[in-house]
Each structure stands twice: as C-alpha cells, then as structure tokens.
Amino acid sequence: MGVRGLQGFVGSSCPHVCTAVNFKELAERHRSEHPGCTPTVVVDAMCCLRYWYTPDSWICGGQWREYFSSLREFVKTFTTAGIKLIFFFDGMVEQNKRDEWVKRRLKNNREIARIFHYVKSRKEQPGRNMFFIPSGLAIFTRFALKTLGQETLCSLQEADYEVASYGLQNHCLGILGEDTDYLIYDTCPYFSISELCLESLDTIMLCREKLCQSLGLSLCDLPLLACLLGNDIIPEGMFESFRYKCLSSYTSIRENFDKKGNIILAVADHISKVLHLHQGEKKLEEMLPLGPNRSLFYKGVASYILPGQKSPWFFQKPKGVVTLNKQVVSMCTDPDSNQKLFTGTDSEFNLEAPTCTDPDSKQEAPMCTHPEIQQEDPIDTEPEIKQQVTMVSDPEILKVARAHHVQAESYLVYNVLSSGEVECGNSLEDALDHTLPGQAQVYRPVRQRVYSLLLGGSQGDASTCPTVKEWFVYSGNPLRHPDLVRPLQMNIPGGTPSLKLLWLSTESGIQARRLDALLACFDLSSLKEELQALERPFQALCCLLIYLFVQVDALSLEDLHAFIAQALCLQEKSTAQLVDLQLDHVDPRAVQLGSLLVRGLTTLVLVNSACGFPWTAADFMPWNLFDGKLFHQKYLQSEKGHAVEVLVEQNRSRLTTFHTLKSVVCKACVKENRPVVSRRHWRSHHSGRWGRQGSSSHRTSSGHSRSGQGQHWRDQGPGSRQHEPDQWRRY
C-alpha cells in the first residue's frame, strides 16, 4: 500500500519525521484552539483491521465475539478522551488500481497455500507472522461499528482519497491509518495505527513537512515524487531506469543509507535541482521519460490533488476540464503567477454522485448515461465527451442504492447497479483439496439471482439482463479478466416485485414480499413457513445451511451437527469462555468449512440489502451465529463420533432446539433428493463432488465456460463447452 519504499525510508533514514504524540493532549489543545469544536479523527478502517483483530485464534473462521469486544474497547477509549471517530471503508476498486488489486490477491493465494501446508504438517495454527485476516472481516466490521453507534461510511472511490479530503475539509485532528499515501496528500496530520498504544493513546505522527525538509522539496512536489517511486497506480518498474539514472548522477550518496534510501534521495534531488529549473516553462513529458505512460503518470499525480488544491506541475495550454478517473482536474489561473495550474475538484460527483462526505446531498441522482469528460492525453488534446453508462436508468433507485452504500448499510448492490462490476478477495481455502468447492462458486447462483432482481426491470427477466463482471478469487482463476456472469431467472411466488416496491413501499405485507424475494435468491421459496417457525437468528442460519447442503454433496451429517451445535452453544457463551477455549488440534477441512459459512453470511448481507432488508442485520451477524474455535471444537467432536448430547454440552433445552433445526435442514434436503448422511456411510461416489450450481458464466478472454454442469470448475480444461443452467442437477 502507498508509495514504494517510503515507509522503510522514513523508519530507517529519516526517523525525525516520526514524532511521538498523545491523542489526549492533542485533543485538549484542539479544544482550546477551537472552542465548541469536537476533536475528530478520520479512521482509514481498512488499514486498521489487523490492529483491531486481537484474538489469538484467526484460522478457524474468526473469533467474532472477541473481535466485537476489541472494537468496543477501541471506540470507548477514544470516546472517553472526548475524541470523535469517523470510519471510512473501501467501497470499490478503481480501474487504474485493478492491476495492483489482482497482484495482491495472487500474492495472498501463495500465502494461503503456505498456511494450509503448515496446518497439514503441524496440525496447529501458524504464528502471527503468517496471520491472515478472517473472511468477511471488513464487511462485518462496518456493521459492528454501526452497532456501536459510530459514524461509518463506505467510499464511492478509493477510500484514502475520501479520507484525506474529509480530514482537510472538516479541519480534523488527524487521520489514523497505515498508508504512506497519507504522507503525500496535503491534508491534516497523519497518525500510525500500528504504533498506537490504546491504553495511553500514545502513537507516532508522521510529519510530511519534516519529510519535505529532509528531501529538499515542497509539499506540492510530493505527488511527483510518489509517482516516480511507484505507487498503487504507477507500477514500481515503470521508472526503474530513470531512478537508477538519478542515482548515478547523485553526488551526495550517504554510506549509512541503504540503496533504496539513496534512490529516494537521488530522485528528490533531481526534482529540486533539475525539474524546478524548468517548472512552469516545460511540460513534464519534456523533462521526464514518460513515453507511452504519460497519461497514466498524470492520473497518478492528479490522484493526490484534493478538492480546492492546486499543483504547479501541471502546465497546459488548452482550456478545459479533464476527468482523471473519479476526480476532475480543472484549469484555473493562479493570481500570483502567469502559469496555468490544475485544481483538484470533486466535479465528477456533481455529474454522477455526491461523495461519502456528503451523504445527505439533495442533488439529483444520475440518469442512465452521464456526460463524462475523458481525455487520453491530458496535455496535448482537447477534452473528448463520452457517456458513462450505468446498469439501470431509474434515478430514484440509484439514489437509494447510493445512500445505502455510502452509509455502509449494503454490500455490492450499488456496485452492481452503477458499474456492473464486483469483487471479492481471498478466503482460507485449500487449493489442493478438490473435495470442497471454493466459496465463490458455491454462492454464485445466489449472486446470479440477485443480479436478476437488480437488473431485470419490473419483471425480473434474466434473459434481458446484462452480464456482471466478477473479480472473485478461487482456485485456478488467474484473474487476468473478470468472469462475465449471467443473471439467473428467479421464481418468486406472485412474480418478481420491482426494486421500487421492495425498497420504497410502505404498504402492509411488503415485508412478506421482501422475505419471498430473499428466499427465492437461495431457491428456497417453498420453505418459508418452516423457516418462519424458527426463532431468530436461527432462521438465517438454517436458510444458509439448507442452501449449502443441497449445493455441496461433500458436506456430511457430522458437518451439519457441528454447524448447528456451535450456533446453539454460542448463545450462552461469554467472551471470556470463548477466549479460554482450547483445541486438541487444527483440522484443515474445518478451517475451510468455517470460511465457507462466514462467506455465506456475507452473501446474506448482499441478498438482504438487495431485497429491501426483510431481516435485521443482527439476524446474520457472525458474533450472533458463529465462533471459529467453538465450531472447530464441535467439528472435532462430531468427527470422533460423539453423541449429540455431548455436542450441545448436556443441555436439554439446546438438545430440543438442535433436533428442531436439524429436522428442518434434513427434510428440506430430502425434498431436493439430497439426503444428508454420515461420512461413515458414504460410498465412494460421494467423494469430491458438489451439488447444483444453476450458473452459467464465461471468461472474457476466451468465452469458455467456468461453470459447466457435471464437472468441477477446477477440473475444467480450456476447451470446455458452455452449458445452460440446470438448477437442480447434482453431480
């Protein structure tokens, strides 16, 4: 994340950039300087997930009760100090950062492979040096913070830009995160989450002014430096030869600095001594070897220019407005200079949508197409008008979806409606275990029905829906292109309701229609009465379990027992009891099953928000339904053949509920010709097969099917044929 090599340079070569500070003292000073103004810290939540996840166990699917307690303590500490927190989460991946996103996901695949190798050989969790955050952590952290009464926002573009903008525009105390991009933005002070001592509220402030003094640069030079060093937009190798050329001509090489440190000093020296000589007289491409990467380079530099700011490095003769992805850079004249300057604005949001910092904007929502000014060459050509196409044409629906997205109340819905492109990162899945499918494939039919609901118009006609681009990580997917996924026709009693009806109607009986839509997404419409007869939160759990066990043949009766028993026992467990829980050993299959269930809960977030929220969020939050270690314990007991009474810890009330839940799941599976049997009774033909997919998708590169019937996706060769959906076929 951030600028390549800058974190190490600051830590080893410029330690004076880092200043020890105390949030309590800073807040007190802020209150004295700004009476009546509450000290506010903007939190880049994605940078903080590793810091917040303090439970020792992370491999079993997540210790969600412990994690919730950790978040509550974090919030309480700042609140007690009189400091307000505003949390920002990434809401989408920008196109110019997609390559970096893919690169990280593939790197994560290699890390996960090492984790499973360790677990198989040692039968224990690896050390914290191999820590991998549990599946769904970012999604459920949003809901946990909202439950704790915190203002939680989801970005409409890259979160770090919105964090920096919010901090600047709202005169915040500072930004809390772990991303060297915050050293580049000219915004409020930047504090390190990794150095935070929660008990005392001591941390480190990284001072961009001191960094500039060390490098002989001004604040407006830092975006140029960041792009020449490489960041999330500019690949590190793009200017490698240029950096070495700077190093070869650099006369002040310091022996006590490493090579990377001297390279940063050399590039900064070139900016201050060479580029500054011609600033305002020559274009950057006349001074730097930009070549065919000129447009990308300008986008990279402009990505650091916040609303209302100017950069003297952009010199341009033609007048106009240039859209640089999610940001517009417009021309203005500096009254103190004859040279033209670029000013960062959020004008594009005036065309398309308000930013996260203005969720209550009364601005008109966009229509199906919006004029967007694109310019391939931001220096030499006149702006070209293109149309940005959204997936739906109803401005009211887009406005509602955007509001839910910004307020972190939904998941992926706005992405589908606005761009038709979604992504999901890595899960703890064993690429060498072909008996269990990856979560991306298991839940794809659910997503396909959601796409039909969102994009099919008032009739929900999947045949006329556009395909959705999915960047989902699963074994065998090189992520060179998105999967183009076709929506799948839904079967809802009474017909498919419109989004306006589901989202905006207040008529009596609408909640029942919303629940019908939710169950139809899982293809479980016939089970409405049975599920509604259950207590909450077990309705959501059984909905998910029925879908999983019908879908995946490799799941056994022992697995079902473990899933149900842990959910029941969890209801009466304290956080301290869960912390003290010890496991005999770690089983790699149970690790994958834990991730599979949690990804099912994130899928429920998507479905529930798409259907107008028929269930409350508490019904499927993991801290109410799942605990990784507890599930692992029940799984190991179930595999050893322990009686159900042991699994429910000899509690008669739990035993009664256990049999009720098991009966609902097993009867539903039998209706679909999928009896749930003990693994000890399996025949050889059960091994390695998994159930109905009901999906039809293809790769953008070749058009070959990724989900043909009768064969596991992972086993398909490049010449496999496309097949039409067969909703109920099991392998």
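All values derive from a computational prediction rather than experimental measurement.

Calculation notes
Residues numbered from 1 in each chain as written. Predicted model: local features only at pLDDT ≥ 70, side-chain atom pairs only at ≥ 80, totals over all residues. Heavy atoms only, no water. Helix = DSSP H or I, 4+ residues; strand = E, 2+ residues; numbered from the N terminus. Buried < 20%, exposed > 50% of the residue type's maximum accessible area, 1.4 Å probe, protein only. Contact = heavy atoms within 4.5 Å. Areas by Shrake-Rupley, 256 points an atom, 1.4 Å probe, with all protein chains shown as cover. Lys, Arg positive; Asp, Glu negative; His and termini not counted. Salt bridge = Lys/Arg side-chain N within 4 Å of Asp/Glu carboxyl O. Polar contact = N/O pair within 3.5 Å; in protein donor to acceptor, adjacent residues only side chain to side chain. Pairing = 2+ DSSP bridges. Arc of directions from axis to C-beta. Core = buried A, V, L, I, M, F, W, Y, C linked by side-chain atoms within 4.5 Å. Axes fitted to C-alpha atoms, helices over the stretch in contact; angles between N-to-C directions. Parallel < 35°, antiparallel > 145°, perpendicular 65-115°, else oblique. Left-handed = near helix turned anticlockwise from the far one by under 90°. Nonpolar A, V, L, I, M, F, W, Y, C, P; charged D, E, K, R; others polar.

Draft legend 1. Structural detail: the overall build of the protein. A count of helices and strands for the protein gives 30 helices and 17 strands. Taking all 731 residues of the protein together, 60% fall into the buried category. Of the contacts formed within the protein by residues at least 6 apart in sequence, a portion of 72% connects residues at least 24 apart. When the accessible area of the protein is evaluated, it comes to approximately 28,500 Å², of which 50% is carbon and sulfur surface.

Draft legend 2. Highlighting the side chain of Asp-181. Mapping Asp-181 onto the fold places it in helix α8 (residues 181–184). Nearest to the buried, unbridged Asp-181 among oppositely charged side chains is Lys-97, at 4.7 Å. Looking at Asp-181, its side chain comes within polar contact range of the side chain of Tyr-304, at 2.6 Å. Excluding residues that lie within four positions of it along the chain, Asp-181 makes contacts with Gly-2, Val-3, Asp-160, Asp-232 and Tyr-304.

Draft legend 3. Region of the structure containing the pairing of strand β14 (residues 421–424). Of the two faces of β14, the one carrying Glu-421 and Glu-423 and the one carrying Val-422 and Cys-424 are both buried. Bridge count between β14 and strand β15 (residues 468–472): 4 bridges; the pairing is parallel. Counted as the bridge partner of Cys-424 is Phe-472 from β15.

Draft legend 4. Representation of helix α11 (residues 240–249) in the model. Where α11 is concerned, the buried positions are Phe-242, Arg-243, Cys-246 and Leu-247. Buried residues of α11, viewed axially, fall in a sector of 140°; they line one side. Those residues of α11 that are exposed and aimed more than 90 degrees away from the buried face are Ser-241, Lys-245, Ser-248 and Ser-249. The inward-facing, buried residues of α11 abut α10 (222–229) and α12 (259–273).

Draft legend 5. Representation of the nonpolar core. Formed by 215 residues in total, the largest nonpolar core has its most connected members in Phe-23 and Leu-417. Apart from the residues lying within four places of it in its own chain, the contact partners of Leu-417 are Thr-390, Met-391, Val-392, Ile-397, Leu-398, Ala-401, Leu-454, Leu-455, Leu-499 and Trp-503. If you look at the next biggest cluster of nonpolar residues, it comprises 6 residues, including Trp-101, Val-102, Trp-471 and Leu-479.

Draft legend 6. Fine view of the packing of α10 against helix α14 (residues 294–302). Where α10 meets α14, the axes come as close as 8 Å, and the angle between the chain directions of the two elements is 130°. Looking at the two axes, α10 sits oblique to α14. When the axes of α10 and α14 are compared, the crossing they make is right-handed. Only Phe-297, Gly-300 and Val-301 of α14 make contact with α10, whose side of the interface consists of Pro-223, Leu-224, Cys-227 and Leu-228. Residues belonging to the contact of α10 with α14 are distributed by class as follows: 6 nonpolar, 1 polar and no charged.

Draft legend 7. Structural view of the sheet that holds strand β4 (residues 151–154). The sheet built from 7 strands is open, its strands ordered β1-β7-β6-β5-β2-β3-β4 with mixed pairing. Strands with a single pairing partner mark the edges of an open sheet, and in this sheet they are β1 (18–22) and β4. With direction set aside, neighbouring strand axes in the sheet form an average angle of 30°. Alignment of strand β2 (residues 40–44) against strand β3 (residues 84–89), held across 5 bridges, turns out to be parallel. Bridging across to β3, Val-43 finds its partner in Phe-87. Its contacts with the sheet place helix α6 (residues 137–147) against β3 and β4, and it is angled at close to 155° to β3.

Draft legend 8. Structural context of the pattern of salt bridges. This structure, assessed with the given rule, holds 33 salt bridges. For Lys-107, the salt bridge identified is with Glu-111, shortest N-O distance 2.8 Å. Placement of the pair is Lys-107 and Glu-111 together in helix α5 (residues 98–122), with a separation of 4 residues, close to one helical turn. A relative accessible area of 44% places Lys-107 in the partly exposed class. One salt bridge in this structure joins Glu-396 and Lys-500, with 3.3 Å as the shortest N-O distance. Highlighted residues: Glu-396 in helix α16 (residues 395–406) and Lys-500 in helix α20 (residues 499–504), separated in sequence by 104 residues.

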